[in-house]
Structures are given as structure tokens and as C-alpha cells.
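Examining the three-dimensional arrangement
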Amino acid sequence: MFEFSKKSNPNTDTQLTYLTTVGAGSIMKGDFIHSGNMLLLGHLIGDISQTEEEGSGNGHTAVIGSTGFLLGNIYSPHAIIIGRIEGSVFAKGRVEIYPGAVVIGDVTYAQINVHPDAKVNGNLRCLLPDAAEQKNLSLSNEEIPSNVVLLAKAE
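Residues numbered from 1 in each chain as written. Predicted model: local features only at pLDDT ≥ 70, side-chain atom pairs only at ≥ 80, totals over all residues. Heavy atoms only, no water.

1. What about the sheet that holds strand S10 (residues 78-81)?
With parallel pairing, the 6 strands of this open sheet are ordered in space as S1-S4-S7-S10-S13-S16. The open sheet has two edge strands with one neighbour each: strand S1 (20-22) and strand S16 (111-114). The average angle at which neighbouring strand axes cross in this sheet is 10 degrees, direction not considered. Pairing geometry for S10 and strand S13 (residues 94-97), over 3 bridges, is parallel. Across the sheet, residue Ala79 finds its bridge partner in S13, namely Val95. (Pairing = 2+ DSSP bridges. Helix = DSSP H or I, 4+ residues; strand = E, 2+ residues; numbered from the N terminus. Axes fitted to C-alpha atoms, helices over the stretch in contact; angles between N-to-C directions.)

Okay, here's the thing in C-alpha cells:
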């Protein structure tokens, strides 16, 4: 769904079919609720979220296109950022942040792909259970290799 051939330009083609498009040059204020895939090429001041219809969480994607600007949050199963967002991204699935994209805010995801030359200024939080469990793991002295020197914590 998110793969691009090396010859294609992600700024122009995400290979998705959109039910909702906000065109370049448009300026909208207020929260935006959509069904299906949506493409933002204009400016939106408000949050983007998906309708709670049965089956709506099956993988629909919110896309911020190359000319798109969002001042607000995204709540979507998947998100593709090619333009600029000043707000947080909350995706239960996959998040793609492409070259030239700017995200000023936190990103919550199950899978993420941040391409080179993309900029994320915020915290990344993985929803997968392994990520939270790994943080709480500690090694016992028997599991530490002999060539590792333990340092005491500064008081």
C-alpha cells in the first residue's frame, strides 16, 4: 500500500484512491471527519479523524500531500506525511514520513518508516506490546559479558 517504485515521486502519487480531497490553495478551519482515504493538499487548522462507521478502521489512510499543511492532530488507522504537520499523529497502524516532510509533534504508531531528509521534532511512541516490555527489561549480572564494566550511578 505504501510502496513506491524508485522511478515514481511520492510527492505526486501515493497509489491510493481517495474518497476525500482538500485541494491545494484551500484553507479550512475546524475539525475534519472523513471516511475512506483522504488527501490534504491545502491548509487545515483543526484535527483530522475518521468516522466511526463499522469497518472504517480497516486500513484507511490520511495523507498530507506535498503542498498540504495541517495545524492539528491526525487520528487515523494509517498516515502518510509528505507535507507539513504541526500537531501529533495517532495511528493504530503504519505511519510513513517522506523526504521533505516536517512533523512538529509526537507520533504514535504500530509501524513507522521515516525516510532520509524527513524531519520529526517530537516523541515517537510504538503501540506494539514488545516495545513497552523491552523498556522494563534489565540484565542480571550473570547475563552481562565479562568485557563489560559496570558503572555506579552518580548520586
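2. Some details on the packing of aromatic side chains
Summed over the entire model, instances satisfying the criterion amount to 1 aromatic pair. Residues Tyr75 and Phe90 carry aromatic rings whose centres are separated by 5.0 Å and whose planes lie at 5 degrees to one another, so their mutual orientation is stacked. Placement of Tyr75 in strand S9 (residues 74-76) and of Phe90 in strand S12 (residues 89-91) is noted, with a sequence separation of 15 residues between them. The class for Tyr75 is partly exposed, based on a relative accessible area of 37%. When its relative accessible area of 34% is taken as the criterion, Phe90 is described as partly exposed. (Phe/Tyr/Trp six-rings, centres within 6.5 Å; stacked < 30°, edge-to-face > 60°. Buried < 20%, exposed > 50% of the residue type's maximum accessible area, 1.4 Å probe, protein only.)

3. Digging into the sheet that holds strand S15 (residues 107-109)
The parallel open sheet is built from 6 strands, whose spatial order is S3-S6-S9-S12-S15-S18. Two strands in the sheet have a free side with no partner beyond their single neighbour: strand S3 (32-34) and strand S18 (124-126). The mean inter-strand angle of the sheet, taken between neighbouring strand axes irrespective of direction, is 15 degrees. Alignment of S12 against S15, held across 2 bridges, turns out to be parallel. Bridging from a neighbouring strand, Phe90 pairs with Thr108 of S15.

4. Section: the environment of Leu71
By the element assignment, Leu71 lies in strand S8 (residues 69-71). By relative accessible area, Leu71 is classed as partly exposed at 37%. A C-alpha to C-alpha distance of 7.6 Å links Leu71 and Asp47, two positions 24 residues apart in sequence. Those residues within four positions of Leu71 in sequence are excluded, and the remaining contacts are Leu44, Ile45, Gly46 and Glu86. (Contact = heavy atoms within 4.5 Å.)

5. Some remarks on the environment of Lys92
Position of Lys92 among the secondary structure elements: in the loop between S12 and S13. Considered as a pair, Lys92 and Leu128 are 36 residues apart in the sequence and their alpha carbons are 9.5 Å apart. Aside from chain neighbours lying at most four places away, what touches Lys92 is Ser76, Pro77, Ala110 and Leu127.

6. Observations concerning the side chain of Asn37
With respect to the element layout, Asn37 can be found in the loop between S3 and strand S4 (38-40). Polar side-chain contacts of Asn37 include one of 2.8 Å to the backbone nitrogen of Thr61. Sequence-distant contacts of Asn37, defined by excluding residues within four places in its chain, comprise Leu16, Thr17, Tyr18, Leu19, Thr20, Gly59, His60 and Thr61. (Polar contact = N/O pair within 3.5 Å; in protein donor to acceptor, adjacent residues only side chain to side chain.)

7. Focus: the environment of Gln50
Along the chain, the position of Gln50 falls in strand S6 (residues 48-50). Judged by relative accessible area, which is 7%, Gln50 ranks as buried. Put simply, Gln50 and Gly36 are 14 residues apart on the chain and 7.8 Å apart in space, counted from C-alpha to C-alpha.

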